Each structure stands twice: as C-alpha cells, then as structure tokens.
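# Residue-level structural notes
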Amino acid sequence: MSSTACQTTWLITGASRGIGFELTRQLLESPSNLVIAACRTPEKATALSALKSSAKGTLHIVKLQVDDFASIRALPTAIAPILGEGGLDYLINNAGILKEDTPLTLDPEVLLETLRTNTVGPALVTQVAVPFLEKGGAKKVLNISSTLGSIASAETFGKGTVTSYSISKAALNMLTYKLKQERPDLIAITLCPGWVKTDMGTQAAQLEPAESIAGILKVITCATAADSGKYLSHSGAEIPW
Ligand code: NDP
C-alpha cells in the first residue's frame with residue numbers, strides 16, 4: 001500500500017535493534033510517519049515486527065545489508081512501491097559496527113570491513129536514495145556518526161583505541177560534508193547520538209536510547225539548509241571536527 005500523500009516518510013538502516021530500533025519506535029508513535037525500517041535479517045527482527053501491533057504510524061520492513069552492494073542496489077525496487085509518487089523525506093544511515101583495535105594491532109580486514117559497513121555502505125545507500133529524496137519534501141540525510149570520528153576530540157575520547165571505527169566515522173563525516181557541497185538542495189547532517197545504552201554502547205553508557213533518540217529526532221526535524229554539512233551532537237551542539 002502506498003500511503004505517503006499525507007505522511008512524512010523515513011528510511012532507517014540498522015533498525016533491528018539499538019538506536020535504529022528506538023528511532024523507528026518513537027517515529028511510529030505518530031500516525032503522521034511512515035517508516036521503512038531496513039535490517040539485514042527481517043525474519044530475526046522480532047522486536048521490530050512486534051511494533052506493527054502498537055504502531056500509530058505505518059511500518060514497512062525491508063531487507064538491507066549495508067556491506068553488500070548488491071543488497072543496496074536492490075533497495076529501490078523494494079521501496080519504490082511503498083513510497084509511490086510521494087518520495088522520501090528522511091534517510092537515516094544508522095547501521096554500523098565497532099571492533100576494538102589500535103593502529104599497530106588492527107587487522108587490515110577489520111579496517112576494510114568497518115569502512116565497508118560504516119562509510120561505503122552509507123555512501124551507496126545515499127546514492128540509491130537520492131532519486132526518492134528529490135521527490136520528497138524534507139530532503140534530509142542524517143548520517144549517524146560518533147565523536148570518536150572527531151580528530152579534535154581524539155585526546156579526550158577513545159585515545160589510541162577503536163581505531164578502525166574512528167577512521168570510518170571520520171570518513172563518514174567528510175562524506176557528509178562533500179554531499180552538502182555537491183547537493184545544496186539536500187540537508188546533510190552528521191551526528192553523534194551520545195554514549196547510548198545499546199549492544200554497541202554497552203550498559204555502562206550514559207544515555208538511555210529514548211533520551212538520545214528524542215534529541216536526534218528534534219535535531220534532524222528542526223535542521224534547516226543553514227545547518228547542512230554540520231557535525232552535531234544529539235542535543236544539537238556542534239562537535240569540533
Ligand atoms: P548496535 O550494535 O546496538 O546495533 C547496530 C545495528 O546495525 C543493528 O541493527 C545491526 O543489525 C545493524 N548492522 C550492523 N551491520 C550491518 C550490516 N552490515 N547491514 C545491515 N545492518 C547492519 O549499535 P547502536 O544501535 O549503538 O549503533 C547505531 C549507530 O550509532 C552506529 O552507526 C554506531 O556507530 C552509532 N553510535 C552509537 C553509539 C552508542 O553509544 N551506542 C555512540 C556513537 C555512535 P543486526 O541486528 O542484523 O546485527
């Protein structure tokens with residue numbers, strides 16, 4: 001069913017758990033949202049499927065593995081019938097991986113896998129989503145980055161560690177800025193959700209997912225053309241590059 005005429009449309013990667021799941025959950029609290037929740041194994045995403053029964057908004061679940069380029073190139077075929085003529089308002093590149101390593105211990109294959117998932121995947125997802133964003137109203141791309149990708153913050157956060165991850169997020173930040181330069185008609189934001197209690201963030205993290213995600217949604221819905229290319233926190237503060 002295509003029902004985008006009076007709904008705001010969202011595509012979220014990595015929606016099976018963690019931040020992507022909570023983004024989906026909060027958006028579905030409003031009937032005005034249609035969420036395309038992308039995950040690599042929909043049949044295992046039971047919590048996500050369960051949202052359908054309580055959702056006030058509209059939920060569609062599609063299969064997407066962001067380190068598999070064929071999977072990304074198949075995405076338009078899956079989302080076109082959902083979006084119809086209405087297009088896509090918001091793309092959130094959220095799926096990501098983190099493995100602990102240092103410059104002198106990193107496994108080159110892990111660095112490549114991390115770049116493929118955290119940087120190259122979002123680049124290609126954005127490419128295939130642009131024709132849909134062009135038809136949408138908001139025209140916003142939100143890349144979920146991390147303060148660990150900030151060189152200016154590297155003495156304070158993750159000193160010497162999580163090297164592949166930090167490289168991938170620094171590259172994602174640059175990708176976001178390049179997109180802003182190439183496409184002034186889009187609003188491209190790179191954003192750190194804070195340290196959030198998820199499988200990746202661990203239970204030692206500072207923020208409950210609900211708090212982080214409420215902030216993220218406020219930041220991205222309020223973002224204007226003047227904010228495009230910014231590196232922001234979940235509270236809207238600018239993060240030094
Ligand atoms: P989780 O590990 O809890 O969840 C990661 C999500 O990404 C899962 O839905 C997972 O799917 C999905 N994913 C991973 N690899 C792929 C892939 N190849 N294809 C498709 N989906 C994939 O992480 P968070 O929710 O905490 O993190 C979400 C984003 O937020 C990431 O980009 C992360 O870097 C960023 N972030 C998180 C912070 C935190 O404190 N939590 C801090 C800063 C940034 P599956 O269930 O199939 O494995």
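Being a predicted model, the structure only gives us computed values, none of them experimental.

### As for the sheet that holds strand 6 (residues 187-192)
Each strand in a sheet pairs with another by means of backbone hydrogen bonds, the pair being arranged parallel or else antiparallel. Here we have seven strands laid out as an open sheet, ordered 3-2-1-4-5-6-7, and parallel in their pairing. Each having just a single partner strand, strand 3 (58-63) and strand 7 (231-233) make up the two edges of the open sheet. Put simply, the sheet's adjacent strands are angled 20° from each other on average, direction ignored. Inspection of the sheet shows strand 4 (residues 90-93) paired to strand 5 (residues 140-144) by four bridges, in the parallel sense. Across the sheet, Ile92 pairs through a bridge with Leu142, a residue of strand 5. Those strands touched by helix 5 (residues 108-135) are strand 1 (8-13), strand 4 and strand 5, and its axis lies near 175° from that of strand 4.

### Quick word on the side chain of Thr176
Along the chain, Thr176 turns up in helix 6 (residues 163-182). A polar atom in the side chain of Thr176 sits 3.0 Å from the side chain of Asn143. What Thr176 contacts, discounting residues up to four positions off in sequence, is Asn143, Ala188, Ile189 and Thr190.

Conventions and cut-offs
- Residues numbered from 1 in each chain as written.
- Predicted model: local features only at pLDDT ≥ 70, side-chain atom pairs only at ≥ 80, totals over all residues.
- Heavy atoms only, no water.
- Pairing = 2+ DSSP bridges.
- Helix = DSSP H or I, 4+ residues; strand = E, 2+ residues; numbered from the N terminus.
- Axes fitted to C-alpha atoms, helices over the stretch in contact; angles between N-to-C directions.
- Contact = heavy atoms within 4.5 Å.
- Polar contact = N/O pair within 3.5 Å; in protein donor to acceptor, adjacent residues only side chain to side chain.

Read these as spatial facts, not as claims about activity.
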